[in-house]
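Residue-level listing of the chains:
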Amino acid sequence: MIEVHYNAKASEVVVFAAEELTAYLERMLDPALDLEISLDSDSSVFAAGCNDSFRVRICADGENGGTIVGSNDRSVLLAVYDYLQYLGCRFLMPVRICEIVPRIGREHLAAVYEKQASYFHRGVCIEGADSFENIMDYIAWLPKAGFNSFFLQFKSPYAFLHRWYSHERNPYAEEEPYTQEDAQRDMVLFEQAAKKRGLLVHKAGHGWTGEVLGYQTVSWDTGAEPNEEQYRHRMAMIGGRRELFHGIPANTNLCYHNGDAVDAFAALVTKYARENPYMDYLHVWLADTHNNLCECEDCCKTTLSDQYVELLNEIDRRLTQEGLKTRIVFLLYQELLWPPEVSRLENPDRFVLMFAPISRTFEKSYELDGAQTALPEFHRNQVTLPVNLGENMAFLRAWQKIFTGSGFVYDYPLGRAHYGDFGYVHIARVLNADIRKLDEMGLDGYISCQELRAAFPNALPNYVMGHTLFQKNCPVEELIREYYRACYDADAKAVLDYLSRLSELSSCDYVNGKSARCDADIAARMEEAVRCCEAFAETVRRHQGEDGAWESIYWEVLEYHRNYVILFARTLKALAEGDQAQADQKWEILREYICKNEEKYQPYLDVYRVLEVTQNYTGLHRQKS
Ligand SMILES: [Zn+2]
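Residues numbered from 1 in each chain as written. Predicted model: local features only at pLDDT ≥ 70, side-chain atom pairs only at ≥ 80, totals over all residues. Heavy atoms only, no water.

1. With respect to the overall build of the protein chain
- For the protein chain, the helix and strand inventory stands at 20 helices and 17 strands.
- For 625 residues, the compact-globule formula gives about 25 Å, and the C-alpha radius of gyration of the protein chain, at 25 Å, lands near that figure.
- Taken along its principal axes, the extent of the C-alpha atoms in the protein chain is 80 × 60 × 50 Å.
- Each of the 625 residues in the protein chain was classed as buried or not, and the buried ones make up 61%.
- Look at the contacts in the protein chain between residues 6 or more apart in sequence, and 77% of them connect residues 24 or more apart. (Helix = DSSP H or I, 4+ residues; strand = E, 2+ residues; numbered from the N terminus. Rg over C-alpha atoms; globule rule 2.2 N^0.38 Å. Buried < 20%, exposed > 50% of the residue type's maximum accessible area, 1.4 Å probe, protein only. Contact = heavy atoms within 4.5 Å.)

2. Notes on the pairing of strand E16 (residues 407-411)
- For E16, a buried count of 5 out of 5 residues is recorded, marking the element as mostly surrounded by other parts of the structure.
- Judged by which residues are buried, E16 turns out to be covered on both faces: Gly407, Val409 and Asp411 on one side and Phe408 and Tyr410 on the other are all buried.
- Where strand E15 (residues 351-355) meets E16, 3 bridges bridge the pair, whose relative direction is parallel. Its bridge partner lying in E16, Met354 is registered against Phe408.
- Note that E16 and strand E17 (residues 445-451) share 3 bridges and pair parallel. (Pairing = 2+ DSSP bridges.)

3. Section: the state of the cysteines
- Inspection of every chain in the model, using the stated rule, returns 0 disulfides.
- In this structure Cys125 is not part of a disulfide, and its nearest cysteine sulfur, from Cys449, lies 4.6 Å away.
- Residue Cys125 is classed as buried on the basis of its relative accessible area, which comes to 0%.
- Not engaged in a disulfide, the cysteine Cys487 finds its nearest cysteine sulfur in Cys98; these two sulfurs lie 7.8 Å apart.
- With a relative accessible area of 5%, Cys487 lands in the buried category. (Disulfide = S-S within 2.5 Å.)

Shown next as C-alpha cells:
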C-alpha cells in the first residue's frame, strides 16, 4: 500500500502534492508493494532566500519509503513531479493525454538528490485563442515542467477565451456565446487552480490607458461606448487632435502631463491592488503600440519614460499609504526602451523590471556584447523598434544603470515567431541559449508571452523552456533526444533529423515580415521543405494501422503537421517568388485545411493565431469571393 504523509497543518498545495504523488505511484507500482513517503515544506533546511529548492530521499539504504522536502509549498509539488520524471514519467505537452506513465518495479524507486531552480521567475503569459480546458490543462502542466508562474493578461482573460468561443477566423466552427461575466467566473477557477499548485499569479498589463479613458478594457477591441467627450482631455494629442489611436482604447496613450489622467490612472491601479490581495505581481503598462505619444507642448519637454516613472512613483505612494505590499511590474518596450533622463523610482523594492524585446529577431539568441551598441536617437512618434539583438541589449543595460532591482525577460518565441520555424527544433535551441544567458543579462527569469496551443509538431520548445529555466545547465541535446524518444520511440532519430531539417529550411523572420518579401533563397528553401515533407511520408505512415488508427497521438499530429507544412511552404514559395496572387490562393487552401481540422487537433495548433500572423505579418491577403 502507498501512503503519503504530511503535516496536519500543511497547505492545500502540499495536500495536492500528496494526492498527485499517490495517484501516479498507484498507476506505476504493484498494488501489493508497501511504501511510505512523507512530504514537508521547510525553508529552514535550505539557504535563506534561495529559489525553489527541494531534497528527495526515497528508498535509500533499503528503507521502505522516505521524504521529500521543499523550500516552500510549491517546491514540494515541483519535487513530486521531478521525482516522477526521475522514475520515468514524461509530461510532454500541456495536454492531459500527452503524458507517459510507466509501470516500474520496486528496484527503480531509490533516489537521493537535491535541486535548486536556476531562476526565480519561470512562467507563461496567456495569448492566442483558448478554451476553458486549454487554460486549465496548461496551469496543470506548468509545475510538471518546472514553471512557477502564470500570467492572466488584462483584468480578466476575456479576450483569449472570447476569441476561441467565437471561433474568430474559423468559418467552419459555430460561434458559442462567451461574455465578460463568463470570463470573471472562469478567472476565479483559473486562479484557484494556480493557487492549488502554489503558482505565482501575475495580472493586468495592458488596458489601463483605456480604463482611464472610461472604457472597460479587457481586449484590444475598438471602443464601443462613446466616452470620448468626457475624457478627451486625457488622451494623447497627435497631429493636433486628441482621439483614440486607430479607435482602440488599449492602444491609446494618455497625455501624461495631465494631472487628471495621472490621478485617474493611479486610482485605478490602487483600487485593483486593494481588490486582488491574492495576486502576486501587478503589471502596470502603458498603451500597446508605438508612435502614439502625446505631442502637446508639455509632454514634448520630457520623455515618455520620465513620465512613466513619475506615474509609478505616484502609484507606489498610494499603495504605501494603504499598506498594500503588491509588487508592481514595469515594462521596458516600445518607446519605454529609452531610459528616463531625470526621473528615478523612489521605492525600488516595490518594483520588478520586465524587459520585452518584442521586435527582436528569433533567428539567433541574445547577443550579450550588444551592450556596447549606442542607443538610437529618439524621435517622438517616428521610432523604429530594434530588430537587432545588440540594440535590444543596449537598451536593457541603459535601464539597469538606473534601476538595480530584480527583473526578468518577457519574450515571444512562442507568440508569433514559432510559426516561422516548421520543425520547432531551432526555436527550442534559441530558447535554451537565451535562458542560459539571463544571469549575464542581470535578469532573474523569463516569462513567455505565448499561444497556449503551441505544440505543433510537438511541444519541445515549451518543454525545453521549463526545464532550462529550472536547471539552466541541463544538457539540452540530451533533453531533446529524450523528448523525441518519449514521443517517437524507435523512430526518434529519424523524426529529429527530419524536423531539424525543416527548422533549417524555414525562417522565423520571413514569416514574421522582418525581411524582404521577394527572396529567391527563401523560395528555394520552401521548395526543399516540400520535398523533405514528401520524402518523410512513408516513415510517418508506418505508424498508422490498416484500420486508420495511429500508434499514438504524436504520430497522428506529426502527419497532420506534415500536410500543413507542405501547404504552408507552397504558399511562402509563391510569396517569395513575388507572385502575390498565387500566394493568396495557396494560403486559401492552407486555411481551408486547418480550419476544417481544428476541432480534431484543437490543443496543438492555434488556428486563429497562425492565420492572424500570416495575414498581418507575412503579408497574405484574403481573396475576394
Ligand atoms: Zn501631453
